Amino acid sequence: MDLHDSESDAAWRMRLRAWLEDEVPRHGPPPSASASKARREYDTAWQHKLHDAGYDLRAVEIGDAGKARLADAGIAALDAATGLKGADVVVLALPDNIIGKVANEIASDLGPGTMLLILDAAAPYADVLPKDRPDLTYFVGHPCHPPLYNDETDWTARRDYHGGVAKQSIVCALMQGPETHYAVGVEICEAMWSPVTRT
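From a predicted model like this one, the values you see are computed outputs, not experimental measurements. (Residues numbered from 1 in each chain as written. Predicted model: local features only at pLDDT ≥ 70, side-chain atom pairs only at ≥ 80, totals over all residues. Heavy atoms only, no water.)

**Here's the deal with the pairing of strand β3 (residues 89–92)**
In step 1: In β3, alternate side chains face the same way, and those of Val90 and Leu92 are buried while those of Val89 and Val91 on the opposite face are not.
In step 2: Note: β3 against strand β4 (residues 115–118), four bridges, orientation parallel. Within β4, the residue paired with valine 91 across the bridge is leucine 117.
In step 3: Traced from β3 through helix α5 (residues 96–106) to β4, the parallel crossover comes out right-handed. (Buried < 20%, exposed > 50% of the residue type's maximum accessible area, 1.4 Å probe, protein only. Helix = DSSP H or I, 4+ residues; strand = E, 2+ residues; numbered from the N terminus. Pairing = 2+ DSSP bridges. Right-handed = clockwise from strand over helix to strand, strands pointing away.)

Quick look at the structure:
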């Protein structure tokens, strides 16, 4: 397996980094975690930025409390059929103990070549992803939690566990799928957890 960037991957990475270097300072630091309403507005603004950058974001939520939080943030909650239809990438932002169940439930609704992006390696390590879909891509991305691995001096950055303020590295792995999908998974992970110092 060759882990070096192709010329097109390197060019794309440079364009993304330039975009992030331009956008992150304009967006400013997030409010503290204790200011939940202000933090939600900040996070929603980033979701709008990702949308404006060309991502088609669709939030699938089944719980009433989650739907209410999305509505408060100005985001429409969709049913799974609507949210999954034609998706190129599905981010499974779920607790580890239900990733396998959900992935197996939605697999039949996903087209060939769709990427399941899992935000933690526990479920893939437990071997719970659909085994009957070799045509799906399985990609794992996870932040390296900046306060543990950085010398951040700003208190807000030290308390930033998910990215957006503190610089952090992220780990990414393509478990299954074409090598070209690695760059797609990295692009999404870098956008989610920016600013990223190293992937």
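**So, the side chain of glutamate 190**
In step 1: Residue position: glutamate 190 is located in helix α9 (residues 180–192).
In step 2: Within the structure, the side chain of glutamate 190 is placed 2.5 Å from the side chain of threonine 199, a separation counted as a polar contact. (Polar contact = N/O pair within 3.5 Å; in protein donor to acceptor, adjacent residues only side chain to side chain.)

**So, the pattern of salt bridges**
Close approach of charged atoms lets side chains of opposite charge pair.
In step 1: Applying the stated criterion to the full structure yields three salt bridges.
In step 2: Here lysine 101 makes a salt bridge to glutamate 105, at a shortest N to O gap of 2.9 Å. Within this pair, lysine 101 and its partner glutamate 105 are both found in helix α5, separated by four residues, close to a single helical turn.
In step 3: Classification of glutamate 105 as partly exposed rests on a relative accessible area of 47%.
In step 4: The residue lysine 131 makes a salt bridge to aspartate 127 at a minimum N-O spacing of 3.8 Å.
In step 5: A relative accessible area of 60% means that lysine 131 is categorised as exposed. (Salt bridge = Lys/Arg side-chain N within 4 Å of Asp/Glu carboxyl O.)

**A word on unusual backbone geometry**
In step 1: Despite not being glycine, aspartate 127 has its phi angle at roughly 60°, a positive value.
In step 2: Considering the arrangement of structural elements, one finds aspartate 127 in the loop between α6 (122–125) and β5 (137–143).

**Examining α5**
In step 1: Looking at α5, one finds that the buried residues are Ile99, Gly100, Val102, Ala103 and Ile106.
In step 2: Among the structural elements, α4 (80–84), β3, β4 and α6 are those in contact with the buried residues of α5. (Contact = heavy atoms within 4.5 Å.)

**Some details on the sheet that holds β3**
In step 1: If you walk across this open sheet you meet the five strands as β3-β4-β5-β6-β7, and the pairing is mixed. Edge positions in the sheet fall to β3 and β7 (196–198), since each has one partner strand and no second. Averaged over all adjacent pairs, the angle separating strand axes in this sheet is 35°, with direction ignored.
In step 2: Summarising the sheet, β5 and strand β6 (residues 168–176) pair through six bridges and their orientation is antiparallel. Its bridge partner lying in β6, valine 140 is registered against alanine 173.
In step 3: Sheet strands touched by α5: β3 and β4. Its angle to β3, the strand with the most contacts, is close to 155°.
In step 4: Contacts between α9 and the sheet are confined to β3, β4, β5, β6 and β7, with β6 contributing the most and set at about 150° to the helix. (Axes fitted to C-alpha atoms, helices over the stretch in contact; angles between N-to-C directions.)

**Topic: the nonpolar core**
In step 1: Val90, Leu92, Ile106, Leu110 and Leu116 are the most contacted members of the largest nonpolar core, which has 16 residues in total.
In step 2: Among the elements of the structure, β3, α5 and β4 are those that each provide at least two residues to this core.
In step 3: For this core, the leading source of residues is α5, giving four residues.
In step 4: In contact with isoleucine 106, not counting residues within four places along its chain, are Leu84, Val90, Leu92 and Leu116. (Core = buried A, V, L, I, M, F, W, Y, C linked by side-chain atoms within 4.5 Å.)

**Looking at the confidence of the model for the protein chain**
In step 1: The pLDDT averaged across the protein chain works out to 81; a share of 74% of its residues lies at or above 70.
In step 2: By mean pLDDT, the top-scoring element of the protein chain is β4 (95), and the lowest-scoring one is helix α7 (residues 146–149) (59). (pLDDT = per-residue confidence, 0-100.)

**Here's the deal with the packing of aromatic side chains**
In step 1: Counted by the stated rule, this structure contains one aromatic pair.
In step 2: Taken together, a centroid distance of 5.8 Å and an interplanar angle of 55° make the contact between phenylalanine 139 and tyrosine 182 tilted. Of this pair, phenylalanine 139 sits in strand β5 while tyrosine 182 sits in helix α9, placing them 43 residues apart in sequence.
In step 3: Residue phenylalanine 139 is classed as buried on the basis of its relative accessible area, which comes to 0%. (Phe/Tyr/Trp six-rings, centres within 6.5 Å; stacked < 30°, edge-to-face > 60°.)

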